[in-house]
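Coordinate analysis (summary)
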Amino acid sequence: MTGLQPNYVVPPVPHPNPHEHIVLLASDHGLLMRPHRAGLSPASYVRVSWGKTANIVELPSDGGSSSVDWNEGVVIYGIVGLMTLFNASYLLVITSRSDVGQLFDASHLIYGVKSVVSIPLVKDRAKSILSRMASRNTSVNRPSLLVSNVDDLQVLDERTSGGPHVKFADEEEVKILTPRDQVKFPVNSADRPASPISSGASTPASDVSMTHSPVSTIANRMSFWSRLSKRASTVSEGADIEESLLDERELLNSIIDDAEGVPDKVISSIIAATAPPPDNSEERNSELEERILRGCLREFTKGDMYFALHFDITRSLQHKHEQITKLHSQNKLLSELDALPKDTIVNPLDDKVDPLFEPSSMLPLWRRVDRRFWWNEWLSKPFMDVGLHSYVTPIMQGYIQISSLDLPKDNSAMQDDSAEPVDYIVISRRSRDRAGLRYQRRGVDDEAHVANFVETEVITRVQRNGISNVFSYVQIRGSIPLFWTQSGYSMKPPPVLAPERNPAQNLDAIKRHFRRAVPLYGPHTIVNLAEQHGKEGMITNAYREYATKLDAKDVRYHEFDFHRETRGMKYENISKLTNQLERVFESQGFFWVSNNMLLSKQKGIFRVNCIDCLDRTNVVQSAFARHVMSMQLEAVGLLSPPQSGRSGVEVIFNDVWANNGDAISRAYAGTSALKGDFTRTGKRDLGGMLNDGVNSLARMYSATFSDWFCQAVIDFMLGYRTLSVFEEFLIKLQSTDPRELIRLSRIRAEAIATSVARVLSEGETLISGWTIFSPEELNVKYDDRFEEKVLLLSARALYIVSYDYSLEKAKMYICIPLDAITRLEKGAYIISPLEEASRDPVQNVGFSVYWHSSDKISMRMTSYSIRNCPEDASKRSPSVVSVNSSSQVKPMLPRREPTKTANLSGIMSKFSENAAGTTNVCFAAFKALPVDPARVRSGSSTGYAEPADDLAGATTCKQVVDMMVNNIKRACEDAGNSPVITDRDVVSLTEAQKMTSIYAKMEHGVKRLIWLGGLV
């Protein structure tokens, strides 16, 4: 026994690769699985127990599995992972894959994920789905997935089977998308040579993109009539479109007539017909669970997920070589220190270099991959934790295309026997750090990770005079590493620097970003393609300024205003940029292995960006790759073909890079890359511009109406957020960046520390400090103005602090001696009754503190003058700036707007009036902030746990309130007071419903119709 956790224990031999085929079988005790190999009977099998809390165990095959008929099982290609939702847990499995190709030889096969099925860990439901999967495999002649054809398993696969390639979507849990319809405008098509293979079908990455063109998608999603027709009538496929639209309009008119033309009744009727709320909590959870599953499956089946079973695809060739060198140096040092086992021999490092050699081959594949590009790590964690290494298949998001071409030895030699074979491979690896969609994830975060970070490696193998030459060249792209945002609610929204961030924070972020990147990639040459003037000018100027202040010798900044330089469709002007950077190309070089000898290494990298790091970036990176390919060919004595776009080499090159741009664009923005016609053909024409206009419209729609939910799904499946992210989405119709939650937890901790320093007297003992939601005014429980206050409990008093999070200072505080507190009431605190999550009495809880008004109650405010007492404030006008009653209360984030002094004066005036009135009892109401258990990866600071305090361990708001009230009660008792504790709702659901305006209900209903009615 080693005493180590199972995920750290591996056999003392080269570890087996992930299983290529796994057979699944539903039994009475759980879902069974084991590897499926030709002529072999595995020594063990795995059982995943039924139920939401899945228990995974490995059992010996002779320990009770003899009664199991594995011939009744279903074979799959791998496991994505395990996902636990509201009602059940689901095993996500790969049921269809595509052969992307092989990296030089058959031992280095790469696959694309085509189809994923979610199997619920509920016996009857799982059996039903497995049965349909087996029927599908049998009916479409897929021998590789039939248990009975074990002998043929190593020979037959989808690409070699005789049956047609058919896409299936029989299961409710599977999401298979057909090839995207190319929206083309036939303008000057005669001057545009067609690619030999359509970008939409040349590789697996485009098999599963979108079911409709952007135009039809927008029309379908934005049409109320289409929703009405789905609920009220069925139109046959052959029906006349205009006639069906007339019927739908008549249905809408009938709704208007029934509502007597009253606007609120009309909207309510439309909402009830098209997006009715679920009847109960179970139905709501089932509906939401279905949406989450479909969203997750869509992410894995869009055509941009890849995996390999026998080698690591997440690291570049040079990175692997550097790992080998580093490991050898470490072992040599340990040997010299006599720190290795006695029988361990460290051989000298061989001069011969295998460009495909795998470092640390004795480790499981998941232990070797670059975690930045491992997208299903969190879902695979249950299998890793129990040491089932071969059931873990690392999946990478990005793009891979493997092409081959024949390059003439010289321009005059055109015969086939005078051509040199060339393999051209593009591998783009998209980082999971700050992952998501473009308007939800911009710039840098507090961990110095940037949005849309993509590492693109170009591998070229050239056979020259019987000698194999392998080249590798890497470029990276990533969002501008500053704190900035961009709204998605218009066609061309301007990017702006985040107003809550100061220059010091931006400078620190950019420093930490390059401090991490330079050791990985070497000296950086930044190529900023954003506009230097206009809407993008602010971000460009800020990037230039901070890059200059960075003053790092390994980071060089270069600007190229892409739009200005290529105005008038003059995309050939991109050559100016390559000419300007000629010396940088020469100093960087490239990784080159010739005849198993290392001749050169890449000594630097281009970091290319525009605003999105999509369209302009891909065009320029393709130009850089073309320039480097010319250098590589010249190094082996071959002439680079002319860049006319007419040769076979240029056609394939442009098509590969256009496909690469499309794949990254679909992952980040939801549509194909703009300017794809230039990278595909080398020309820019009117047809391409019209395509770009349609794609821009589709992107705006995607950002406005569906990206928020998709972002929540991405954060959840990557392990950055818990299921509470969907509760938050239903309330706010948005989701918070998980790293923003990290920042907010730090801000709250700083707010407590600042308040303690400013409010407590010297020597006064602090018992507890909390941030808590509360009406802005005292003596009210439901108000239009709420804010996040700081509550300090000391040994002598309770302090209610109004804190300005923008200025990081206490605006005002009220000191309530503990002996003045008369009672505490705790119970449900419902602010909004519009969603199930916002009216949950366990997660929406608060308490009220009542005290006797007397001279002991002290109050101080920050008024930017020497007057800071309530007496001064009471002489002022008690006017308070009110908020429209329809404003949606958002308790998730602290208020950022500084409140005017007049507001504080009004608050204190009202307090003074109440104190001097008929009653001498005042109160303050508090609502606990949402509780969200942290998810922190081992070896990473990623997570969003609140700072450790006396509330640690609480999983519900009710538990938080109980702890707070008990602490206040104990402190009062220590001070000689015994306040009464009663259970009473602060604001009940009935009260909240009465106080919610009709307009607020209508507004929420319309949002539900638009956002939730057609998300998935």
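These numbers come from a predicted model, not from an experiment. (Residues numbered from 1 in each chain as written. Predicted model: local features only at pLDDT ≥ 70, side-chain atom pairs only at ≥ 80, totals over all residues. Heavy atoms only, no water.)

1. With respect to the sheet that holds strand β1 (residues 22-26)
Applicable threshold: Should DSSP find at least two bridges between two strands, the strands are taken to pair. Strands here mean DSSP runs of E at least two residues long; helices mean DSSP runs of H or I at least four residues long; both are numbered from the N terminus. Whenever a helix is involved, its axis is fitted only over the stretch in contact; in every case the axis is a line through C-alpha atoms, and angles between N-to-C directions fall within 0 to 180 degrees.
Strand order in this open sheet of five strands is β4-β3-β2-β1-β5, and the pairing throughout is antiparallel. Each edge of the open sheet is held by one strand with a lone partner, namely β4 (56-60) and β5 (74-76). The average angle at which neighbouring strand axes cross in this sheet is 30°, direction not considered. As paired elements, β1 and strand β2 (residues 30-35) share five bridges and run antiparallel to each other. Counted as the bridge partner of I22 is P35 from β2.

2. A look at the pairing of strand β12 (residues 454-464)
One face of the sheet, then the other: side chains in a regular strand alternate in exactly this way. Stated precisely, the cut-off is as follows: Accessibility here uses a 1.4 Å probe with only protein chains present; expressed as a share of the type maximum, an area under 20% marks a residue as buried, one over 50% as exposed, and anything in between as partly exposed.
Across the 11 residues of β12, 10 count as buried, placing the element largely inside the fold. Alignment of strand β11 (residues 419-430) against β12, held across nine bridges, turns out to be antiparallel. Residue pairing in the sheet places V422 in a bridge with V462 of β12. Strand direction decides the pairing type here: β12 and strand β13 (residues 467-477), joined by 11 bridges, are antiparallel. Paired with R464 across the two strands is I467, which belongs to β13. Taken together, β12 and the strand that follows it, β13, pair antiparallel across an intervening segment of two residues, in which N465 is found at a positive phi of about 55°.

3. A word on the confidence of the model for the protein chain
Convention followed: On a scale of 0 to 100, pLDDT captures the predictor's confidence in every residue. The contact rule is simple, with two residues in contact once any of their heavy atoms fall within 4.5 Å.
For the protein chain, mean pLDDT is 77; residues scoring 70 or higher make up 68% of the total. Averaged pLDDT values over the elements of the protein chain bottom out at 42 in helix α3 (residues 224-232) and peak at 97 in strand β16 (residues 524-528). A low-confidence stretch, residues 149-242 stays under pLDDT 50, and its non-local contacts, those more than four residues away or across chains, total 189 contacts.

4. So, the packing of aromatic side chains
Put simply, the rule is: Any Phe, Tyr or Trp ring, taking Trp's six-membered ring, that has another such ring centre within 6.5 Å forms a pair; planes under 30 degrees apart are called stacked, those over 60 apart edge-to-face, and the others tilted.
Considering all chains together, one arrives at 20 aromatic pairs under this definition. Both rings, one in F471 and one in F590, keep their centres 5.5 Å apart while their planes meet at 75°; by these two values the pair is edge-to-face. With F471 in strand β13 and F590 in the loop between α14 (582-588) and β18 (591-594), this residue pair connects regions lying 119 residues apart in the sequence. The same class applies to F471 as to F590, namely buried.

5. Here we look at the environment of V756
Within the element layout of this structure, V756 appears in helix α21 (residues 738-759). For V756, a relative accessible area of 21% translates into the label partly exposed. Each C-alpha atom of the pair V756 and V790 lies 9.6 Å from the other, and the pair is 34 residues apart in sequence. Not counting residues within four places of it along the chain, the set of residues in contact with V756 comprises L766 and L792.

6. Details of the nonpolar core
For clarity, the cut-off: Side-chain atoms within 4.5 Å link the members of a nonpolar core, which is a set of buried Ala, Val, Leu, Ile, Met, Phe, Trp, Tyr and Cys residues.
Formed by 41 residues in total, the largest nonpolar core has its most connected members in M83, L92, I292, F300 and F726. For this core, the secondary-structure elements that each account for two or more residues are β6 (78-84), β7 (89-102), β8 (109-120), α6 (281-300), β9 (305-307), α19 (707-717) and α20 (724-732). If we ignore the near neighbours within four places in the chain, the residues touching M83 are A88, S89, Y90, L92, L293, C296, L379, F716 and M717.

7. A short note on empty space enclosed by the protein
Here is the rule: Space inside and on the surface of the protein is sampled on a 1 Å grid over the protein atoms alone, with a cavity defined as a set of points where a 1.4 Å probe fits but cannot get out and a pocket as an open set with protein on both sides within 12 Å along at least 5 of 7 lines; lining residues have an atom within 4 Å of a point. Grid points are joined across faces, edges and corners, and a volume is the space filled by probe spheres set on the points. Throughout this entry, Asp, Glu, Lys and Arg are counted as charged residues, while Ala, Val, Leu, Ile, Met, Phe, Trp, Tyr, Cys and Pro are counted as nonpolar. The remaining residues, Gly among them, count as polar.
Across all of its chains, the model carries 10 cavities of 30 Å³ or more by this definition. Forming the walls of the second largest cavity are R372, S431, D433, A448, H449, V450, F453, H513, R516, A517, L520 and Y521. Per-class residue counts for the lining of the second largest cavity are six nonpolar, three polar and three charged.

8. Considerations on the packing of helix α10 (residues 503-521) against helix α11 (residues 537-550)
Under the convention used in this document: Comment on the angle field: the value is read as roughly parallel under 35 degrees, roughly antiparallel over 145, roughly perpendicular from 65 to 115, and oblique elsewhere. Here a crossing is called left-handed whenever its near helix is offset anticlockwise from the far helix by less than a right angle, and right-handed whenever the offset is clockwise.
Across the interface, α10 lies against α11 with an axial gap of 10 Å and an inter-helix angle of 65°. Judged by the angle between their axes, α10 and α11 are roughly perpendicular. Crossing hand, α10 versus α11: right-handed. Together, P503, N506, L507, I510, K511 and F514 of α10 and Y543, Y546, A547, K549 and L550 of α11 make up the contact between the two elements. For the contact of α10 with α11, the per-class residue count stands at eight nonpolar, one polar and two charged.

9. Overview of the environment of V628
Following the sequence through the fold, V628 ends up in helix α15 (residues 615-635). What makes V628 buried here is its relative accessible area of 3%. The sequence separation of V628 and S472 amounts to 156 residues, and the corresponding C-alpha distance is 9.9 Å. Every residue in contact with V628, bar those within four places of it in the chain, is listed here: Y473, F585 and F590.

10. Here we look at the pattern of salt bridges
Note the following rule: Here, a salt bridge means any Lys or Arg side-chain nitrogen found within 4 Å of an Asp or Glu carboxyl oxygen.
Applying the stated rule across the entire model yields 38 salt bridges. R315 is the partner of D312 in a salt bridge, and the nearest nitrogen-oxygen pair spans 3.5 Å. Each member of the pair, D312 as well as R315, carries the same accessibility label: buried. Across the pair K601 and E322 runs a salt bridge whose closest N-O atoms are separated by 4.0 Å. With a gap of 279 residues between them, K601 in the loop between β19 (597-600) and β20 (605-609) and E322 in helix α7 (residues 317-336) connect regions that are remote in the sequence. In this structure K601 comes out as partly exposed when scored by relative accessible area, which is 30%. E322 sits in the partly exposed class, given a relative accessible area of 30%.

11. Some points on α10
Worth spelling out the cut-off: Expected helix span is computed as 1.5 Å times (number of residues minus one). The arc in question is formed by the directions pointing from the helix axis toward the C-beta atoms.
Over its 19 residues, α10 runs 27 Å from end to end, which matches the ideal 27 Å to within 8%, given 1.5 Å per residue. N506, A509, I510, H513, F514, A517, V518 and Y521 are the residues of α10 that are buried. Taken around the axis of α10, the buried residues stretch over an arc of 150°, which confines them to a single face. Away from the buried face of α10 by more than 90 degrees, exposed residues A504, R515 and P519 are located. G522 occupies a position one or two residues after α10 and carries a positive phi of about 90°.

12. Considering the environment of R626
Threshold: Any pair of nitrogen or oxygen atoms within 3.5 Å is treated as a polar contact; in protein, a donor-acceptor pairing is required on top of that, and neighbouring residues in sequence qualify only through side-chain atoms on both sides.
Mapped onto the fold, R626 is located in helix α15. Residues R626 and E650 lie 24 residues apart in sequence; the distance between their C-alpha atoms is 9.3 Å. Of the polar contacts made by the side chain of R626, one reaches the side chain of E650; its length is 2.4 Å.

13. Some points on the packing of α15 against helix α16 (residues 648-668)
Direction vectors running N to C along α15 and α16 enclose 145°, while the axes themselves pass 10 Å from each other. As for the relative orientation of α15 and α16, their crossing is right-handed in sense. Residues N618, Q621, S622, A625, R626 and M629 of α15 pack against V649, E650, F653, W657, N660 and G661 of α16. Taken together, the residues of the contact of α15 with α16 break down into five nonpolar, five polar and two charged.

14. Topic: the pairing of β4
As paired elements, strand β3 (residues 44-49) and β4 share five bridges and run antiparallel to each other. Directly across from S44, in β4, lies its bridge partner P60. A loop of six residues connects β3 with β4, the two strands running antiparallel in sequence, and G51 in this loop sits at a positive phi of about 115°.

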